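# A structural walkthrough
One letter stands for each residue in the lines below.
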Amino acid sequence: MISRGKGTGALNREQKELKLHGTKGFPCAGYESYYTDNPEDILSWHWHEEIEIIFIEEGVLNVKIPSESFLLKKGDSLVLNSNILHYASAKGGCELHSLVFGSELIQGNESSVFAEKYMIPLVSCHLFSGCHIEGNGENPVMAWFREAFEAMEREESGYEFLVREKLSRICLFLYQKIASQTSVKNISLSQDNLRVRKMLAYIHENYAETISLEEIARAADISERECFRCFKKTIQISPVQYLLKYRIMQGAERLLSDPAGSISETASACGFDSPSNFAKMFRRFYDCTPREYRNSHL
């Protein structure tokens, strides 16, 4: 079965997606989604334990992961590894298909040869965060993806075998691609990824309060300089810029979830020192005032 519109499910304080993709017996889900370049269509930073494969049917999608960005065009694919922070925004309108699946679908139990020899090394390789596959190449990955996706759509008898076979081929392709890469860089990327998760968790829990760069850095037990470097390298913006953007996005959600609340109350609840400063920053991000945003969406 294919669901329309993936988006992100509920997130915990560390931005881990809590949504179940598929079932315990068949941990795989397919999504058909359409995104615009409106701010509310942005897929904010999050992560999940499953591997995700994205295929662009129409349009352009910008995907960011720690230390790297991908501009996906029609026909392109991107494979995101397990437990990797990612963010996405469309350029204009973008239609995409995606499959999200747990490694246990391919490997079975953790003592199997498929787990020990292939899947565990693959998902543990933080040098493999995302693999961009361009649509104009000779790569077979897109054909395998299409066959798996179409099988999920039709749900004909035995489709689970076909889906697992095609996804297994993709995982083997990825394993062979990264097999010769070293582990030194893996440690560095993994460390930055974990640090940013801790600092994001601190921001998301305390954004309504006055937060300093020193406090954000302390959440990951690092210096302010290292905090700034880690943010810029991993998600390409500074900690202060991320905090401001997160406050604005929380303000937008609150405007709609509490339509009777005042703009002043929303500003205060989101960490702004005045309604005028909130309105100024909100207009910079959404190109309208908070009141105009609420009226247009309600």
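See above for the structure.
Quick look at the structure, then. (Residues numbered from 1 in each chain as written. Predicted model: local features only at pLDDT ≥ 70, side-chain atom pairs only at ≥ 80, totals over all residues. Heavy atoms only, no water.)

This paragraph deals with the environment of S129. Examined against the element boundaries, S129 turns out to sit in the loop between helix 2 (113-124) and strand 8 (130-133). A residue is classified by how much of its surface remains accessible, and S129, at 5% relative accessible area, is buried. Distance from S129 to A148, taken between C-alpha atoms, is 22 Å for residues 19 residues apart in sequence. (Helix = DSSP H or I, 4+ residues; strand = E, 2+ residues; numbered from the N terminus. Buried < 20%, exposed > 50% of the residue type's maximum accessible area, 1.4 Å probe, protein only.)

With that settled, consider the packing of aromatic side chains. Any pair of aromatic rings gets described here by the distance separating the centres and the angle formed by the planes. Applying the stated rule across the entire model yields 14 aromatic pairs. Centre to centre, the rings of F145 and F149 are 5.8 Å apart; their planes meet at 25°, and the pair counts as stacked. Here F145 pairs with F149, and both are found in helix 3 (residues 141-154), just four residues apart, close to one helical turn. For the pair F145 and F149, one class covers both residues: buried. When the centroid spacing of 4.7 Å and the interplanar angle of 25° are considered together, the rings of F282 and Y286 count as stacked. Here the residue F282 and the residue Y286 both occupy positions in helix 10 (residues 275-286), the gap between them amounting to four residues, near one helical turn. A single burial state applies to F282 and to Y286, both of which are buried. Members of the aromatic cluster, each reached through a chain of ring pairs, are F272, F278, F282, F285, Y286 and Y293. (Phe/Tyr/Trp six-rings, centres within 6.5 Å; stacked < 30°, edge-to-face > 60°.)

One finds M199, F231, Y242, F282 and Y286 to be the most contacted residues of the largest nonpolar core, which totals 36 residues. Excluding residues within four positions of it along the chain, M199 makes contact with I216, A217, A219, A220, I222, C227, C230 and F231. (Core = buried A, V, L, I, M, F, W, Y, C linked by side-chain atoms within 4.5 Å. Contact = heavy atoms within 4.5 Å.)

Turning next to helix 2. With 12 residues, helix 2 should cover 16 Å at 1.5 Å per step; its first-to-last C-alpha distance of 16 Å lies within 8% of that length. Every buried residue of helix 2 is listed here: A115, M119, L122 and V123. On an axial view of helix 2, the arc spanned by its buried residues comes to 110°, and they lie on one face. Of the surrounding elements, those touching the buried residues of helix 2 are strand 4 (51-65), helix 1 (104-107) and helix 4 (159-178). (Expected span 1.5 Å × (residues − 1). Arc of directions from axis to C-beta.)

As a further point, take the side chain of T266. One can find T266 in helix 9 (residues 263-269). Judged by relative accessible area, T266 falls into the buried class, the value being 2%. Apart from the residues lying within four places of it in its own chain, the contact partners of T266 are G251, R254, L255, F278 and R294.

Before going further, it helps to examine the pattern of salt bridges. Side-chain pairs of opposite charge can arise whenever the charged atoms involved come near each other. Scanning the model with the defined rule gives nine salt bridges in all. In this structure, K166 engages E147 in a salt bridge whose closest nitrogen and oxygen atoms are separated by 3.3 Å. Taken together, the residues K166 in helix 4 and E147 in helix 3 connect sequence positions 19 residues apart. Looking at K166, the relative accessible area reads 9%, which means it is buried. Judged by its relative accessible area of 33%, E147 is partly exposed. Here E226 and R229 are joined by a salt bridge, their closest N and O atoms 2.7 Å apart. On the criterion of helical spacing, the pair formed by E226 and R229 is a turn pair, its members being three residues apart in helix 7 (residues 224-235). Residue E226 is classed as partly exposed on the basis of its relative accessible area of 22%. Since its relative accessible area comes to 31%, R229 is described here as partly exposed. Through salt bridges with shared partners, one network takes in E147, E165, K166 and R169. (Salt bridge = Lys/Arg side-chain N within 4 Å of Asp/Glu carboxyl O.)

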